[in-house]
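# Tertiary structure, described
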Amino acid sequence: MFLSGKRALVTGSTSGIGLAIARALAAQGADVVLNGFGDPAEIARLCEECSAIHVGADLTTTQGVEELMDKASPIDILVNNAGMQHVAPVEDFPPEKWDAVIALNLSAAFHTARLAVPHMKARGWGRIIATASAHSLAASPFKAAYVAAKHGIAGLTKVLALELAEHGVTANCISPGYVWTPLVENQIPDTMAARGMSREQVVNDVLLAKQPTKKFVQPEEVAALAVFLCRDEAQNINGANYTIDGGWTAG
Ligand code: NAD
């Protein structure tokens, strides 16, 4: 239980990768703050399972992030994980979708970090981890906002790493390839429309075609690396962007 006495906030942790990270940090003794939307009864069950509290703030607004940080602070381990996707050709990309994806996938991570860092500096210890994406390193068509936001969070992470290096605080990205979660499932209809493909073609010829292993990554694999980055052995891993993509970005 090497994380006893540490408080961890995982944004977007009522589902998918964030939930797996929250579970893994709780299993190591961290006091976990869950965030995200969902069925209240299911969220209450997750809180009980992880001995966690839940703050359901909407992180597409600065006010929502500030409300979350008011209720969740002080934070020792910040996992910026909440994210959304929108798939459309650039000329049809709705400006409000661009704004929402940038707000949630990028700006929220800036706001959580600026509000968490003073406590981390004062304590002389902290971990900032972003669930970035293979799309922080490589692009795909029809994902203008997502790819821009993910490249942005990779840059933000490097800045945090340099600024905080002498304070016992590290900042790193984990960049998964395709993980089978609601975020991926929900983009299939729009990808079918944008590419004129069937569902099966999208799964095999678009999603899994990217991953040389031809397998989806499991949320627990991402969570295991997040836990490792919190260990003292990882104190010199700083400003890194770790891919877990079956070899996608090696190509
Ligand atoms: P998911 O849809 O399963 O979970 C998203 C979480 O974010 C949920 O808890 C949801 O309630 C929460 N959320 C959504 N909108 C929010 C808002 N406005 N405010 C606060 N919370 C909000 O998605 P996932 O696949 O687990 O994705 C998690 C992260 O991993 C995202 O940043 C995503 O970009 C990244 N990622 C996912 C994949 C993949 O293939 N699934 C690959 C690479 C990176």
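Here goes a summary of the coordinates provided. In this text the structure is predicted, and so the values were computed from the model without any measurement. (Residues numbered from 1 in each chain as written. Predicted model: local features only at pLDDT ≥ 70, side-chain atom pairs only at ≥ 80, totals over all residues. Heavy atoms only, no water.)

### Section: the packing of helix α3 (residues 62-72) against helix α4 (residues 95-123)
Relative to each other, α3 and α4 sit at 35°, their axes nearing to 10 Å. The interaxial crossing formed by α3 with α4 has right-handed handedness. On α4, the residues that touch T62, V65, E66 and M69 of α3 are A108, H111, T112, R114, L115 and A116. Grouping the constituent residues of the contact of α3 with α4 by class yields five nonpolar, three polar and two charged. (Axes fitted to C-alpha atoms, helices over the stretch in contact; angles between N-to-C directions. Helix = DSSP H or I, 4+ residues; strand = E, 2+ residues; numbered from the N terminus. Left-handed = near helix turned anticlockwise from the far one by under 90°. Contact = heavy atoms within 4.5 Å. Nonpolar A, V, L, I, M, F, W, Y, C, P; charged D, E, K, R; others polar.)

### A closer look at the site of the ligand
In the vicinity of the ligand there are 30 residues, among which S15, N81, Y146, V179 and T181 approach most closely. Within the backbone of G12, one N or O atom sits 3.4 Å away from an oxygen atom of the ligand. Here the ligand has 830 Å² of accessible area as a free molecule, and 91% of this is covered by the chains. For the shell around the ligand, the secondary structure elements donating two or more residues are α1 (16-27), α5 (144-164) and α6 (182-195). In terms of residue class, the shell around the ligand is made up of 14 nonpolar, 14 polar and two charged. (Near = heavy atom within 4 Å. Polar contact = N/O pair within 3.5 Å; in protein donor to acceptor, adjacent residues only side chain to side chain. Areas by Shrake-Rupley, 256 points an atom, 1.4 Å probe, with all protein chains shown as cover.)

### Notes on unusual backbone geometry
In this chain, S73 is followed by P74 through a cis amide linkage whose omega measures 0°. Looking at the element boundaries, P74 is found in the loop between α3 and β4 (77-80). In this structure, S51 is a non-glycine residue whose phi angle is positive, near 45°. On the secondary structure map, S51 appears in the loop between α2 (40-50) and β3 (53-55).

### Overview of the side chain of S13
Tracing the chain through its elements places S13 in the loop between β1 (7-10) and α1. Accessibility expressed as a relative area gives 0% for S13, which makes it buried. Sequence-distant contacts of S13, defined by excluding residues within four places in its chain, comprise G18, L19, A22, V33, L34 and N35. (Buried < 20%, exposed > 50% of the residue type's maximum accessible area, 1.4 Å probe, protein only.)

### Some details on the sheet that holds strand β7 (residues 241-244)
With parallel pairing, seven strands are arranged side by side in an open sheet as β3-β2-β1-β4-β5-β6-β7. Two strands lie at the open edges of the sheet, namely β3 and β7, each paired on one side alone. Geometrically, the sheet is characterised by an average inter-axis angle of 20° between neighbouring strands, direction not taken into account. This element, α1, spans β1, β2 (31-35), β4, β5 (126-131) and β6 (169-176) of the sheet and lies at about 170° to β1. Across the sheet, helix α8 (residues 219-229) lies against β5, β6 and β7, angled at about 165° from β6, the strand it touches most. (Pairing = 2+ DSSP bridges.)

### Regarding the packing of α4 against α5
At their nearest, the axes of α4 and α5 sit 8 Å apart, and the two run at 15° to each other. When the axis of α4 is compared with that of α5, the two are roughly parallel. For the crossing formed where α4 meets α5, the hand is right-handed. Seen from α4, the contacting residues are W98, V101, I102, N105, L106, A109, F110, A113, V117 and K121; seen from α5, they are A144, A145, Y146, A148, A149, K150, G152, I153, L156, L160 and L164. (Parallel < 35°, antiparallel > 145°, perpendicular 65-115°, else oblique.)

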